[in-house]
Amino acid sequence: MQAYNELDSIQLNFSPQDLLLLNLALALIMYGVALDLRFEDFKYLVKNPKSFFLGVFSQFLLLPFLTWELVNIINPPPSVALGMFLVAACPGGNISNFLSNLAKGNTALSISLTGFSSLLSIISTPVNFAIWASLYGPTSSLLKEISLDFKDAFFTVALILGIPLLLGILTHQNAPKFAEKASKILKPLSLLIFAAFIVIAFMGNLDLFLSYISLIFLWVLAHNFIALGAGFLTGKAFKLPLADIKTLTIETGIQNSGLGLVLIFTYFNGLGGMAFITAFWGIWHLISGITIATLWKYKE
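In this report, the structure presented in the accompanying data block is examined.

Definitions and limits used
Residues numbered from 1 in each chain as written. Predicted model: local features only at pLDDT ≥ 70, side-chain atom pairs only at ≥ 80, totals over all residues. Heavy atoms only, no water. Helix = DSSP H or I, 4+ residues; strand = E, 2+ residues; numbered from the N terminus. Buried < 20%, exposed > 50% of the residue type's maximum accessible area, 1.4 Å probe, protein only. Contact = heavy atoms within 4.5 Å. Areas by Shrake-Rupley, 256 points an atom, 1.4 Å probe, with all protein chains shown as cover. Bend = angle between axes of the 7 residues up to and from the residue. Core = buried A, V, L, I, M, F, W, Y, C linked by side-chain atoms within 4.5 Å. Polar contact = N/O pair within 3.5 Å; in protein donor to acceptor, adjacent residues only side chain to side chain. Axes fitted to C-alpha atoms, helices over the stretch in contact; angles between N-to-C directions. Parallel < 35°, antiparallel > 145°, perpendicular 65-115°, else oblique. Left-handed = near helix turned anticlockwise from the far one by under 90°. Nonpolar A, V, L, I, M, F, W, Y, C, P; charged D, E, K, R; others polar. Phe/Tyr/Trp six-rings, centres within 6.5 Å; stacked < 30°, edge-to-face > 60°. Patch = residues over 30% accessible without salt bridge, like charges linked within 9 Å, V, L, I, M, F, W, Y side chains within 5 Å. Salt bridge = Lys/Arg side-chain N within 4 Å of Asp/Glu carboxyl O. Expected span 1.5 Å × (residues − 1).

**Regarding the overall build of the protein chain**
Part 1 of the reasoning: Counting its regular elements, the protein chain contains 14 helices and zero strands.
Part 2 of the reasoning: In the protein chain, buried positions account for 54% of the 300 residues.
Part 3 of the reasoning: The long-range share in the protein chain, meaning contacts at least 24 apart out of those at least 6 apart in sequence, stands at 87%.
Part 4 of the reasoning: Total accessible area computed for the protein chain in this model is approximately 13,200 Å², and 70% of it derives from carbon and sulfur atoms.

Written as structure tokens, this is what we have:
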């Protein structure tokens, strides 16, 4: 019980240099993803509005609502609940395109949703987080104590996701051959840098993670299961093709936890419960996503 209560007060060891590295890694990953995008790709959304709008609904409306319901059921420490709301408010993770392709899902839909959700997240992530965190009493009180400046949060998300996304699309439009070559290098390189960063962050706080992992493990599993289920059931309920159902499941279940970590260490001083839940989500959703994509690879 003592460890449960301590989650709200501990802070992870994280230097300004570490934060700068994380910011650069995320921007590089986003730029690498955007090298495969063209402005014309967004026409897909106009021609196939049903799957697209259901993807937006599942990710930006249903998942935050279900997260709020889950938080009310399990009653985690306020800082953990805050982390869960933040993860749910983040856009889809950049690896979702790779996983959707591996699962033989609708890759065009996945790329379009990733691009759109990354741009939309400049507004939706701070707003969604603020709304749902304010609807749960303990996190509402914690937010008032922290006094988060949402204007700064908008700027941070735009800087990390919005600008690299636009630069990547412009690069593809104006130098397609360079974009193709650069994408093959940047994608694995940036993901390797991000993975290395997560490992280094864990090693620097290993004692703390070992002390609290038993507390957060089931919370992350339940939250990720709900996220994957939200996408799957949305696709099933509206009778989408299997390829689209696969993509909605992956896009909703794979969240950009790296962005969440940036916001936590920038505006919440590495608040323990938030950081733990978000960092472990970043590891677990890769395991669950790769597992589901591999199983679905053989089902068409």
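**Quick notes on helix α11 (residues 206-237)**
Residues separated by three or four positions in an α-helix point in the same direction, a consequence of the helix having 3.6 residues per turn.
Part 1 of the reasoning: At Ile-213, α11 shows its maximal bend, which comes to roughly 60 degrees.
Part 2 of the reasoning: Looking one or two residues beyond α11, the residue adopting positive phi is Lys-239, at roughly 55 degrees.

**A word on the environment of Leu-70**
Part 1 of the reasoning: Considering the arrangement of structural elements, one finds Leu-70 in helix α4 (residues 49-74).
Part 2 of the reasoning: A sequence separation of 149 residues divides Leu-70 from Trp-219, and the C-alpha atoms of the two residues are 9.2 Å apart.

**Topic: the nonpolar core**
Part 1 of the reasoning: By size, the foremost hydrophobic cluster in this structure holds 55 residues, and its most contacted members are Leu-82, Phe-85, Phe-129, Leu-259, Phe-268, Met-274 and Ile-277.
Part 2 of the reasoning: Take this core: its biggest share by element is nine residues, from helix α5 (residues 78-89).
Part 3 of the reasoning: Not counting residues within four places of it along the chain, the set of residues in contact with Ile-277 comprises Val-80, Gly-83, Met-84, Ile-216, Trp-219 and Val-220.
Part 4 of the reasoning: Within the second largest apolar cluster, 10 residues are counted, among which are Phe-52, Val-56, Leu-109 and Ile-245.

**As for the side chain of Thr-114**
Part 1 of the reasoning: Here Thr-114 is to be found in helix α7 (residues 107-134).
Part 2 of the reasoning: Within the structure, the side chain of Thr-114 is placed 3.4 Å from the side chain of Ser-96, a separation counted as a polar contact.

**Looking at the packing of α4 against α5**
Part 1 of the reasoning: It is the contact of α4 with α5, at a shortest axis distance of 9 Å, that shows an interaxial angle of 165 degrees. Classified by the angle their axes make, α4 and α5 are roughly antiparallel. Taken as a pair, α4 and α5 cross one another with a handedness that is right-handed. Contact residues: Gln-59, Leu-63, Pro-64, Thr-67, Trp-68, Leu-70, Val-71 and Ile-74 in α4; Ala-81, Met-84, Phe-85 and Ala-88 in α5.
Part 2 of the reasoning: Its residues assigned to classes, the contact of α4 with α5 shows 10 nonpolar, two polar and no charged.

**Structural notes on the packing of aromatic side chains**
The description of an aromatic ring pair rests on the distance of the ring centres and on the angle between the ring planes.
Part 1 of the reasoning: Applying the stated criterion across every chain yields a total of 10 aromatic pairs.
Part 2 of the reasoning: With 5.6 Å between their ring centres and 50 degrees between their planes, Phe-217 and Phe-280 make a pair best called tilted. Of this pair, Phe-217 sits in helix α11 while Phe-280 sits in helix α14 (residues 272-296); the two residues are 63 residues apart in sequence, bridging distant segments of the chain.
Part 3 of the reasoning: With a relative accessible area of 33%, Phe-217 lands in the partly exposed category.
Part 4 of the reasoning: Phe-280 sits in the buried class, given a relative accessible area of 9%.
Part 5 of the reasoning: Each ring, one from Phe-217 and one from Trp-284, has its centre 6.2 Å from the other, and the planes form 70 degrees; the classification is edge-to-face. Residue Phe-217 is located in helix α11, and its partner Trp-284 is located in helix α14; the two are separated by 67 residues in the primary sequence.
Part 6 of the reasoning: Judged by its relative accessible area of 22%, Trp-284 is partly exposed.
Part 7 of the reasoning: Three or more aromatic residues joined by ring pairs form one cluster here, namely Phe-52, Phe-53 and Phe-116.

**As for unusual backbone geometry**
As a rule of thumb, non-glycine residues mostly have phi less than zero, and peptide bonds are mostly trans rather than cis.
Part 1 of the reasoning: With phi around 60 degrees, Lys-104 is a residue other than glycine that occupies positive phi space.
Part 2 of the reasoning: Position of Lys-104 among the secondary structure elements: in the loop between α6 (96-102) and α7.
Part 3 of the reasoning: Under the relative-accessibility criterion, Lys-104 is labelled partly exposed at 39%.
Part 4 of the reasoning: Located in the positive-phi region is Lys-239, a residue other than glycine, with phi close to 55 degrees.
Part 5 of the reasoning: Locating Lys-239 in the fold gives a position in the loop between α11 and α12 (242-253).

**Looking at a nonpolar patch on the surface**
Part 1 of the reasoning: A cluster of nonpolar side chains, namely Phe-39, Leu-119, Phe-155, Leu-159, Ile-163, Leu-166, Leu-167 and Leu-170, defines an oily patch on the protein surface of about 710 Å² accessible area.
Part 2 of the reasoning: Top contributing element to the nonpolar patch by residue count: helix α9 (residues 150-174), with six residues.
Part 3 of the reasoning: Of note, Leu-167 is situated in helix α9.

**Some remarks on α5**
Part 1 of the reasoning: The first and last C-alpha atoms of α5 sit 16 Å apart over 12 residues, in line with the 16 Å expected at 1.5 Å per residue.
Part 2 of the reasoning: Among all positions of α5, only Ser-79, Val-80, Ala-81, Leu-82, Gly-83, Met-84, Phe-85, Leu-86, Val-87, Ala-88 and Ala-89 are buried.

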